[in-house]
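What the coordinates show
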Amino acid sequence: MRVYVPLTLSGLAAVHGAGEIGPGPLTAYAVTPGLREWYVSDDIEELEYAALTRAASASLRLIAGRPDEARRRVVVALDVPDGAAFAEPGQALDASSLGEVRIAEPVALSKAAAVHVDADDAEKDVAAAAAALGAADLGDDDARFTVDGAEDHELLWFGIQEIPGLIA
């Protein structure tokens, strides 16, 4: 099963140093029944992109909570055994947690399929989105527009062998 773990650049550096993503339980995003129903598609690539996008939003929340963090969203795509990722009971009823799963144990970084990171030119929009996130959550339409501006940036794909260059 492919899961998407939201991180920050400093979190990616820590994961790289440890050789694993953990400790558990980890929060990740995956193609869950609730995500399938919400997205209304049978195309697995579209569904995985939706899960990746949910993880990117969670990465933005991590960034917003850390003023000294680099303003670039980071998502690690991992392949875990079926059954290793599970949704919390009752979670399907909560729209804010669509696609969210938990992984009980740490996962070796060698299980990563890729790392997705914002390009340098996204930093300004990600910084603005991180600053506006609280107001957007409270229903401010202008703040929501600012947050959506960060989501307009596509995350770039990197192989795990490229992590040292990303965290340098």
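The structure we're discussing is the one just above.
Residues numbered from 1 in each chain as written. Predicted model: local features only at pLDDT ≥ 70, side-chain atom pairs only at ≥ 80, totals over all residues. Heavy atoms only, no water.

Let us look at the pairing of strand β4 (residues 74-79). Most of β4 sits out of view: five of its six residues are buried. Relative to β4, strand β1 (residues 2-7) runs antiparallel, the two sharing six bridges. From the neighbouring strand, Tyr 4 faces β4, where its bridge partner is Ala 77. Sheet analysis places β4 next to strand β8 (residues 112-117), joined by five bridges and oriented antiparallel. Its bridge partner being in β8, Val 75 is matched across the sheet by His 116. (Buried < 20%, exposed > 50% of the residue type's maximum accessible area, 1.4 Å probe, protein only. Helix = DSSP H or I, 4+ residues; strand = E, 2+ residues; numbered from the N terminus. Pairing = 2+ DSSP bridges.)

What follows is about unusual backbone geometry. In this chain, Gly 22 is followed by Pro 23 through a cis amide linkage whose omega measures 0°. Mapped onto the elements, Pro 23 comes out in the loop between β2 (20-21) and β3 (26-29). Following Gly 24, the chain continues into Pro 25 via a peptide bond in cis, with omega recorded as -5°. Here Pro 25 lies in the loop between β2 and β3.

Tracing the sequence through the fold places Glu 37 in helix α2 (residues 33-39). Residue Glu 37 is classed as exposed on the basis of its relative accessible area, which comes to 67%. Along the sequence, Glu 37 and Ile 103 sit 66 residues apart, while their C-alpha atoms lie 22 Å from each other.

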